[in-house]
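# Structure at a glance
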Amino acid sequence: MEQKRRFVGFALVSLFTWLVYFISTAPTVVFWDVGEFLAVAANFGIPHPPGTPFMVMLGRFLGLLPLPLAPLYELLTGYPANNFVLKVTQISMLPGALSAGLLYLIALEVMDRWEGFRDLPWGIRHASAAAGALLGMFMATVWKNSIEAETYTPTFFTLVLIIWMGFKFWDLKDRPKGLAYLILMPYVFVLSAGIHLSIVPFLLGYIVLILLVQRELLLNLDTLAALGLGFAFLTSLYFPYEFTARLAVIHLLALGMAFFVLTRRTGDLFGWGTGLFLAGVLIQFLGRTHATVVLAGYAVLLAGYYLQTGFWRDWKGIALLMVILAFTPQFFLISRAYYLHFHPDAAWINEADPWNWKAFMDVLTRKQYGPTEFFPRRIPWTDQFRVLGLYLSWQFPRLLYLPLLLLALWGLVESYLRDRKTFLYVLSFTLIASVGMVFLLNLKDSPSSPVNPEHVRAGLTEVRDRDYFYAYFYSLLGLYWAFALAGLMELAWRHARGVLRRLVQFAGYAVAAGLVAGQLAMTWPYVHRLNNYIAEDYAYNLLISPSTGGVMFTNGDNDTFPLWFLQEAMGFRKDIIIANLSLLNTNWYVRQLKAWGAPISFTDEEIDSLPPAMLLGRDRVVFLRDLAIRDMIATSTGWRKTLKDTDFVVVKGVKIPKLYFSSMETFADSVLRGRTLSVPIYFSITSSPEVYRGLEPYFVMDGMVFALKTEPQPMVELPPYRLEAVDMEETHHHLHDAMDPEAFFAEYSNRVHPDSTVWRYRGIFDTRLFKDDTHLKLAVNYANVAVRLGFAHQFRGETEEALKMYLLARKFYTETQAELPERYLRQGEILAFQAAQLALQGGLFDEAIRIAQEALSEGGRPDFKLILARAYLGKEDTARALQILEGLRLEGTPPAEVVQILSEVYAARGDTGRAIQVLEQYLANPSRDPRMDALIRGLLENLRGGS
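Read on for an overview of the structure. (Residues numbered from 1 in each chain as written. Predicted model: local features only at pLDDT ≥ 70, side-chain atom pairs only at ≥ 80, totals over all residues. Heavy atoms only, no water.)

### A few points about helix 29 (residues 664-671)
Three- or four-residue spacings in an α-helix give side chains the same orientation, since the helix completes a turn every 3.6 residues. Spelled out, the test is: Whether a residue is buried, partly exposed or exposed follows from its accessible area with a 1.4 Å probe, protein chains only, as a fraction of its type maximum: under 20%, in between, or over 50%, in that order. The helix and strand labels rest on DSSP assignments: H or I over at least four residues marks a helix, E over at least two residues marks a strand, and numbering proceeds from the N terminus. Throughout, the arc means that of the directions going from the helix axis to the C-beta atoms. We call two residues in contact whenever any of their non-hydrogen atoms come within 4.5 Å of each other.
For helix 29, the complete set of buried residues consists of Met 664, Phe 667, Ala 668 and Val 671. Projection of helix 29 onto a plane perpendicular to its axis shows the buried side chains occupying an angular sector of 95 degrees, all on one side. Where the residues of helix 29 are buried, they touch helix 28 (624-637).

### Looking at the sheet that holds strand 7 (residues 681-684)
The test is simple: When DSSP finds at least two bridges between two strands, those strands are taken to pair. Angles here are taken between N-to-C directions and fall from 0 to 180 degrees, while the axes themselves are lines fitted to C-alpha atoms, restricted in helices to the stretch in contact.
On the basis of which strands lie adjacent, the open sheet formed by 6 strands has the order 2-1-7-9-8-12 and mixed pairing. Looking at which strands have only one partner, the edges of the open sheet turn out to be strand 2 (576-580) and strand 12 (725-726). As judged from the 4 bridges shared by strand 8 (residues 699-702) and strand 9 (residues 705-708), these two strands associate in the antiparallel manner. If you follow Met 701 over to strand 9, its bridge partner there is Phe 706. Running at roughly 150 degrees to strand 2, helix 25 (residues 561-569) makes contact with strand 1 (550-554) and strand 2 of the sheet. Helix 30 (residues 728-736) rests against strand 8 and strand 12 of the sheet, and its axis sits at about 25 degrees to strand 8.

### Here's the deal with the packing of helix 37 (residues 878-890) against helix 38 (residues 896-908)
Note the threshold: Roughly parallel covers angles under 35 degrees, roughly antiparallel covers those over 145, roughly perpendicular covers 65 to 115, and oblique covers all other angles. Crossing handedness follows the turn of the near helix against the far one: under a right angle anticlockwise gives a left-handed crossing, and clockwise gives a right-handed one. Following the grouping adopted for this structure description, the nonpolar residues are Ala, Val, Leu, Ile, Met, Phe, Trp, Tyr, Cys and Pro, the charged ones are Asp, Glu, Lys and Arg, and the polar ones are all others, Gly among them.
It is the contact of helix 37 with helix 38, at a shortest axis distance of 10 Å, that shows an interaxial angle of 140 degrees. The angle between helix 37 and helix 38 falls in the class oblique. The two elements helix 37 and helix 38 cross, and the hand of that crossing is left-handed. Each of Thr 878, Leu 882, Leu 885, Glu 886, Leu 888 and Arg 889 in helix 37 lies in contact with helix 38, whose residues at this interface are Val 898, Ile 901, Leu 902, Val 905 and Tyr 906. Split into classes, the residues belonging to the contact of helix 37 with helix 38 amount to 8 nonpolar, 1 polar and 2 charged.

### What about a nonpolar patch on the surface?
Filter applied, for reference: Patch membership needs two things, relative accessible area over 30% and no salt bridge, and members are linked within 9 Å if like-charged or within 5 Å if nonpolar (Val, Leu, Ile, Met, Phe, Trp, Tyr). Reported accessibility uses the Shrake-Rupley method at a 1.4 Å probe radius. Residues are deemed covered only where the shown protein chains occlude them. The term salt bridge refers to a pairing of a side-chain nitrogen on Lys or Arg with a carboxyl oxygen on Asp or Glu at a separation within 4 Å.
Among the surface-exposed residues, Phe 375, Trp 381, Phe 385, Leu 431 and Val 435 lie close enough to one another that they form a single nonpolar patch of about 460 Å² accessible area. Counting residues per element, the ones that place at least two in the nonpolar patch are helix 18 (381-393) and helix 20 (420-441). The residue Phe 375 is located in the loop between helix 17 (357-364) and helix 18 in this model. Taking the relative accessible area as the measure of exposure, Phe 375 reaches 55% and is therefore exposed.

### Structural notes on the pairing of strand 6 (residues 654-657)
Alignment of strand 5 (residues 648-651) against strand 6, held across 4 bridges, turns out to be antiparallel. Across the sheet, residue Val 651 finds its bridge partner in strand 6, namely Val 654.

### So, the environment of Val 716
Residue position: Val 716 is located in strand 10 (residues 716-718). Looking at Val 716, the relative accessible area reads 6%, which means it is buried. Separated by 77 residues in the primary sequence, Val 716 and His 793 have C-alpha atoms spaced 9.3 Å apart. Sequence-distant contacts of Val 716, defined by excluding residues within four places in its chain, comprise Tyr 721, Arg 722, Leu 723, Glu 724, Phe 791, Ala 792 and Phe 795.

### Some details on the pattern of salt bridges
By the definition in use, this model includes 50 salt bridges. Here Arg 5 ties to Glu 2 by a salt bridge, and the two come within 3.3 Å at their closest N and O atoms. Highlighted residues: Arg 5 and Glu 2, both in helix 1 (residues 2-24), separated by 3 residues, approximately one helical turn. Here Arg 810 and Glu 858 are joined by a salt bridge, their closest N and O atoms 2.6 Å apart.

### Description of the packing of helix 22 (residues 471-495) against helix 23 (residues 499-527)
Direction vectors running N to C along helix 22 and helix 23 enclose 160 degrees, while the axes themselves pass 9 Å from each other. Judged by the angle between their axes, helix 22 and helix 23 are roughly antiparallel. Judged by the twist between their axes, the crossing of helix 22 over helix 23 is right-handed. Only Arg 501, Val 504, Gln 505, Gly 508, Tyr 509, Ala 512 and Leu 515 of helix 23 make contact with helix 22, whose side of the interface consists of Leu 485, Met 489, Ala 492, Trp 493 and Arg 494.

### Topic: the side chain of Asp 445
Selection criterion: Charge convention: Lys and Arg are scored as positive, Asp and Glu as negative, and His as well as the terminal groups of each chain are ignored. As used in this structure description, the phrase polar contact means that two N or O atoms lie within 3.5 Å; if the pair is within protein, one of them must be able to donate a hydrogen and the other to accept it, and residues adjacent in sequence are counted only when both atoms belong to side chains.
One can find Asp 445 in the loop between helix 20 and helix 21 (453-457). Nearest to the buried, unbridged Asp 445 among oppositely charged side chains is Arg 386, at 7.1 Å. A distance of 3.1 Å separates a polar side-chain atom of Asp 445 from the backbone nitrogen of Val 451. In terms of polar contacts, Asp 445 uses its side chain to reach the side chain of His 455, at 2.8 Å. Not counting the four nearest positions on each side in its chain, Asp 445 is found in contact with Ile 379, Val 387, Pro 450, Val 451, Asn 452, His 455, Leu 460, Thr 461 and Glu 462.

### Focus: helix 20
Quick reminder of the rule: In this analysis, the expected span of each helix is defined as 1.5 Å times one less than the number of residues it contains. Consider a residue and the seven residues that end there alongside the seven that start there; fitting an axis to each set, the bend is the angle between those axes.
Counted at 1.5 Å a residue, the expected span for helix 20 with its 22 residues is 32 Å, and the 29 Å between its end C-alpha atoms agrees. Where helix 20 bends most, the angle comes to about 40 degrees, and this point is Ile 432. Looking at where helix 20 begins, the residue whose side-chain oxygen comes 3.4 Å from the main-chain nitrogen of Lys 421 is Asp 419. Downstream of helix 20 by a residue or two, Asn 442 has a phi angle that is positive, lying close to 50 degrees.

### Quick notes on the side chain of Asp 766
Along the polypeptide, Asp 766 turns up in the loop between helix 31 (741-748) and helix 32 (773-795). Here the side chain of Asp 766 touches Asn 531 through a polar contact of 3.0 Å, side chain to side chain. Discounting residues that sit within four places of it in the chain, Asp 766 has contacts with Tyr 79, Asn 531, Lys 771 and Thr 816.

### Some points on the pairing of strand 9
A two-sided burial pattern is seen for strand 9, the buried positions comprising Val 705 and Ala 707 on one face and Phe 706 and Leu 708 on the other. Where strand 7 meets strand 9, 3 bridges bridge the pair, whose relative direction is antiparallel. Residue pairing for strand 9: Ser 684 is matched across the bridge by Val 705. Hairpin geometry of strand 8 and strand 9 is characterised by an intervening segment of 2 residues between the two adjacent antiparallel strands and by a positive phi of about 65 degrees at Gly 703.

This is the structure:
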């Protein structure tokens, strides 16, 4: 009966978790790595190092399944969804749901070992285990990870699967079947490394399990042999990568351990198995530069060892073979990349191009990110733990933070007092997920909420918050909540009698359910992604900005990965070659861009020879990116064909035009004027100005791109600004069609415009949808487009049109979320002030009044009152203007401008005495601005002279 209860409980907990995940996931792509993973699931490409090969395979498999998830999603949520996205997102949702079920089972396994606990009503154990599991899987970061196509939740699933299998081994330790779990556990570890490498440190928990349960399984010669052969497999991978004397010594020491055991086990130094072993070693060293030969040599020596010793009959021997088998998905990287290297159009994502052994190992070891350094600490230890505490505090609603934290500590104590072995086993994984990760990751401070402000000034913050690295820790806390709830319910139940026992029991269930319901209800507004089409629409809007195909430079992950998704998964705008500026400093990427059709004149061999950076003089560096951009422009215009041999310099055997090293202004004037671009070139407005500075006179802004032209364009000059020319007709069309902006957004802010060349904004203005800083920054990009149009209209003297654009820009700053960061509200206020001033200057007094009153109702600064006064004066409503001005004067030290206008109004009304009094009172105020004294005294003298 108990097993049936557990099966039903597991099913219910898993199903409930999946359902909540499903109705809270986004209907389409979201930001960061998700777009990339969705794209490679569609084209079977290779994402960023370490390549996550098993993740790619799973995504590809799920994407091909005939699952009608979109109709179900729309039925449950009311929002249309992308079926392909929902299918691939099951790579996180399903493991997340199963993780909740496994946490539930693990909690019960621990309680089974608590003395006398099986005597309690079964509901206490199951309710507390279910509540702890659900709390663990609905931590804010865990929840977010589990509703997007990312690596962390599937990796956590393998972790809890391993912990659960450990308990199964524990139960069956005296039977042969128990060893099957010991064999499967390392297999799952290594297989999971093909999803995310963060699983590797948890191998320590596996060792702790064996030492706690049956240490004699480890303390023998076969363990030494398995370690030696396993380590030798790893060093074999390095042989053709970077063979050194030190590597050779380490490899021989590892094999020496196995050879020692071989001779001890058989007592035969000259057996044919021993001969095979030694022959394999010899093959490896003789063919050390060829991966195939080295791996073949390893297979030979391994076969010799197994045949000579019968190692396949020992569980460690089987486990070693399973580990090697689990590693084989990594070879997908090199096999797929080899094909893509020679067929680059088969998939436009082949990051790092690991087509040969060196490139493969570079990806596997994440060489482009540099070596992992544990010391020195990037910020002090104490601050790193404070960051962990900060990230932990984000997981709970504020109301539940302290109760759940205390409950977790109670569960830790409860676990310790009840059973030391299970306490140590679970604790080992918890410590690795928390303290261990702090040590291994060596992270810098949080960029959004730094624990030490000095780190911001010193540049010691991460590019983005890394709370997701500790997601395993947050989820494992669910076990301690389960232990605490069980302990507290038991305590209350044992002290109650008769009917009271039943009441206590149900009260415990209510508390457990209330905690879960509270966590769900209070976290939901911040994690759900209903109506979140923002990333897809942003990518769509960026892709339709160029009028024709060509090369478009993008800046980073968030203006690249969603575009890859649309191109690779949806087949949209494949005529545009995305050139990511962050990747453009790598030779392999430049080579791929050329293969995709980018106008690059260098041969593949020359591209491979180009250095990533060249120092010119003392302080000028020319990057590979700079050369690539200039070569694309020069090749597209045909300029390079006109050169003579004397026009080149040779760098590492590559002929590079001298002009590529000149200033961008000189380069542009020489290469662009009077020519045509055979391949259009665009820069997204998110591109860093550093990469194109000097090209601005040749830019025309069209939507969210700068289109490169071959003749200088009339720039928008509005001091102190001098900005790129704007294709006003096209940009207006993209932004709000031919409609009035206010009418357009009233109708189309949350649905798709029928014209496919008009931008989409679904979810941007939905204040029920929480938007993190990434979403808000993208809204700012739309605002910047509107501001540029406003400048252009103002430059042309079109005041009303400029006003509409400034107010539209303000809308993107201030109407995107219920609670906005101060900097967005402040920028919205600046735009409102700019619009109000412009309305005043253009004589649009009613509009100035409307803008100022609206700003003041939102807590705008007192300067808006001065605008109101000026507008009423413009309307000749002197009484209202005087009322406002006098109010400003009496609020404290009035600005000199207020005093000046007030005195002029009184003087115009013939009340010179009052005008003089106002000026004198200002000059008598010690808090006045002394820089304005000369002006005020001049006004005073004029009034006295006139009187």
